[in-house]
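Residue strings, one per chain:
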Amino acid sequence: MIVVMKIGSPEAEIARISSELETWGLTPEKIVGKHKVVIGLVGDTADLDPLQMEEISPWIEQVLRVEQPFKRASREFRHGEASEVAIPTPNGTVWIGEHHPVAVIAGPCSVENEEMIVETARRVKAAGAHFLRGGAYKPRTSPYAFQGHGESALGLLAAAREATGLGIITEVMDAVDIEKIAEVADVLQVGARNMHNFSLLKKIGCQDKPVLLKRGMSATIEEWVMAAEYILAAGNPNVILCERGIRTFDREYARNTLDLSAIPVLRSLTHLPIAIDPSHGTGRAEYVPAMSMAALAAGADALMIEVHPNPAKALSDGPQSLTPDRFDRLMTELSPIGTTIGRWHRSAAVMV
Ligand code: PEP
Ligand code: MN
């Protein structure tokens, strides 16, 4: 349920209403929008009558029910306004959200050694990326495959951050690693395979680094947004949803089916920013540029693209990784589309 306050409502009145609603056993959450303040209510509201609630104060404009199973994540909970995630990086704060330039996240699947991660960071930065991605802890189908260098790779990500000022995005697979990963990372990634790991979602919701939440490979949109709800409910409002392809019947020509229709669907259902990962979405480097352009045109707020200095030798996901040269060219190809929709700034331009 949400309580929409009239424009100019006094702070003291908002506080009074919130305390009164708390005595009813509800959890009020004040959401300050561009024009209005909304009080989001979580709790057992089934028996409450919105019209009666409007009587609590003359400053209440309207009381509305949130119909979806997700509450904090729903677009209605913020009375239709988009949320934005502010990510402080050494190069300045990067904002991700519907009213901001598209953020570009690029880098290898896995952090392999210092030279390759620093070189990749320099190259993607020069091409205009805002963040470096790279896995230290890798979820692999086979226990015999390269599992990532773990803690030592975190030090290498820190070196790349230091060398370029790029923000770092890396995956958390196990809640016990959250703290040490958060020392280096500016955004914590929850991978597709962990989207349903509710205890990890709860724990990642209890810390304050922004979270990139990938869609499970067989997750419905509702399950995915409910996973985001876990993080929001635990207290972390900074969640970015990332579509990375889902499993469909044809796996011969593309690794996954990149669900770009998720962009407008999510836009209507949730206020959260939306990222697209065309690399895992297709599994083939040659399809990544077309899907990146389509994602940008369809309204994605961020793109996550795998880039490796030598894809043929990559320890994971080489076939879907762009070379730094191809990534640089892709950024040039994206520029006219991004400029036309008014959402294009290469990294140097976003510094605050
Ligand atoms: C990754 O980003 O390298 C990764 C493992 O992604 P996903 O969880 O989407 O498979
Ligand atoms: Mn990968």
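Residues numbered from 1 in each chain as written. Chains lettered and ligands numbered in written order. Predicted model: local features only at pLDDT ≥ 70, side-chain atom pairs only at ≥ 80, totals over all residues. Heavy atoms only, no water.

Observations concerning the overall build of the chain
Then, number 1: A tally of helices and strands in the chain yields eleven helices and 14 strands.
Then, number 2: Taking 352 residues into account, the globule formula puts the C-alpha radius of gyration at 20 Å, and the chain, at 21 Å, falls close to it.
Then, number 3: Taken along its principal axes, the extent of the C-alpha atoms in the chain is 65 × 45 × 40 Å.
Then, number 4: In the chain, which comprises 352 residues, the share counted as buried stands at 55%.
Then, number 5: Considering only intrachain contacts with a sequence separation of at least 6, the fraction spanning at least 24 residues in the chain is 68%. (Helix = DSSP H or I, 4+ residues; strand = E, 2+ residues; numbered from the N terminus. Rg over C-alpha atoms; globule rule 2.2 N^0.38 Å. Buried < 20%, exposed > 50% of the residue type's maximum accessible area, 1.4 Å probe, protein only. Contact = heavy atoms within 4.5 Å.)

Thoughts on the side chain of Q189
Then, number 1: Its place among the elements puts Q189 in strand β10 (residues 187–190).
Then, number 2: Classification of Q189 as buried rests on a relative accessible area of 5%.
Then, number 3: If we ignore the near neighbours within four places in the chain, the residues touching Q189 are R133, I169, T170, E171, V172, L212, K214 and M304.

Focus on empty space enclosed by the protein
Then, number 1: All told, the structure shown has two cavities of 30 Å³ or more when counted by the stated rule.
Then, number 2: Estimated volume of the largest cavity: approximately 40 Å³.
Then, number 3: Broken down by element, the residue count for the lining of the largest cavity peaks at three residues, all from strand β9 (residues 167–171).
Then, number 4: Of the residues belonging to the lining of the largest cavity, the class tally is one nonpolar, four polar and three charged. (1 Å grid on protein atoms, 1.4 Å probe; cavity = no way out; pocket = protein on both sides within 12 Å on 5 of 7 lines; lining within 4 Å. Points joined across faces, edges and corners; volume = space filled by probe spheres on them. Nonpolar A, V, L, I, M, F, W, Y, C, P; charged D, E, K, R; others polar.)

Digging into the sheet that holds strand β1 (residues 2–5)
Then, number 1: Within the open sheet, the four strands sit side by side as β2-β3-β1-β4. Their pairing is antiparallel. At either end of the open sheet lies a strand with only one pairing partner, and these are β2 (27–32) and β4 (60–64). The sheet shows a mean angle of 20° between the axes of neighbouring strands, taken without regard to direction.
Then, number 2: Relative to strand β3 (residues 37–42), β1 runs antiparallel, the two sharing three bridges. Residue pairing across strands places I2 opposite G40, the latter belonging to β3. (Pairing = 2+ DSSP bridges. Axes fitted to C-alpha atoms, helices over the stretch in contact; angles between N-to-C directions.)

Thoughts on helix α3 (residues 114–127)
Then, number 1: Compared with an ideal rise of 1.5 Å per residue, which puts 14 residues at 20 Å, α3 spans 20 Å between its outermost C-alpha atoms and is within 8% of the ideal.
Then, number 2: Along α3, the residues classified as buried are M116, I117, V118, T120, A121, V124 and A127.
Then, number 3: Of the surrounding elements, those touching the buried residues of α3 are β7 (103–107), β8 (131–133), α4 (151–164) and α11 (324–340).
Then, number 4: Two to three positions downstream of the cap, the backbone nitrogen of E115 sits 3.1 Å from a side-chain oxygen, assigning the N-cap of α3 to N113.
Then, number 5: Count one or two residues on from α3 and you reach G128, which has phi positive near 115°. (Expected span 1.5 Å × (residues − 1). Polar contact = N/O pair within 3.5 Å; in protein donor to acceptor, adjacent residues only side chain to side chain.)

Structural notes on the domain arrangement of the chain
Then, number 1: When cut into domains, the chain gives domain 1 (2–65) and domain 2 (85–340).
Then, number 2: Relative placement of domain 1 and domain 2: their C-alpha centres are 36 Å apart. (Domains from an automatic or database assignment.)

What to know about the site of ligand 1
Then, number 1: Surveying the vicinity of ligand 1 reveals 13 residues, the closest of which are R133, K138, A192, R193 and R244.
Then, number 2: R193 is positioned with one of its side-chain polar atoms (N or O) 2.8 Å from an oxygen atom of ligand 1.
Then, number 3: One of the side-chain N or O atoms of K214 is found 2.9 Å from an oxygen atom in ligand 1.
Then, number 4: Relative to its unbound accessible area of 290 Å², ligand 1 is 98% covered by the protein chains.
Then, number 5: Split by residue class, the shell around ligand 1 holds three nonpolar, three polar and seven charged. (Near = heavy atom within 4 Å. Areas by Shrake-Rupley, 256 points an atom, 1.4 Å probe, with all protein chains shown as cover.)

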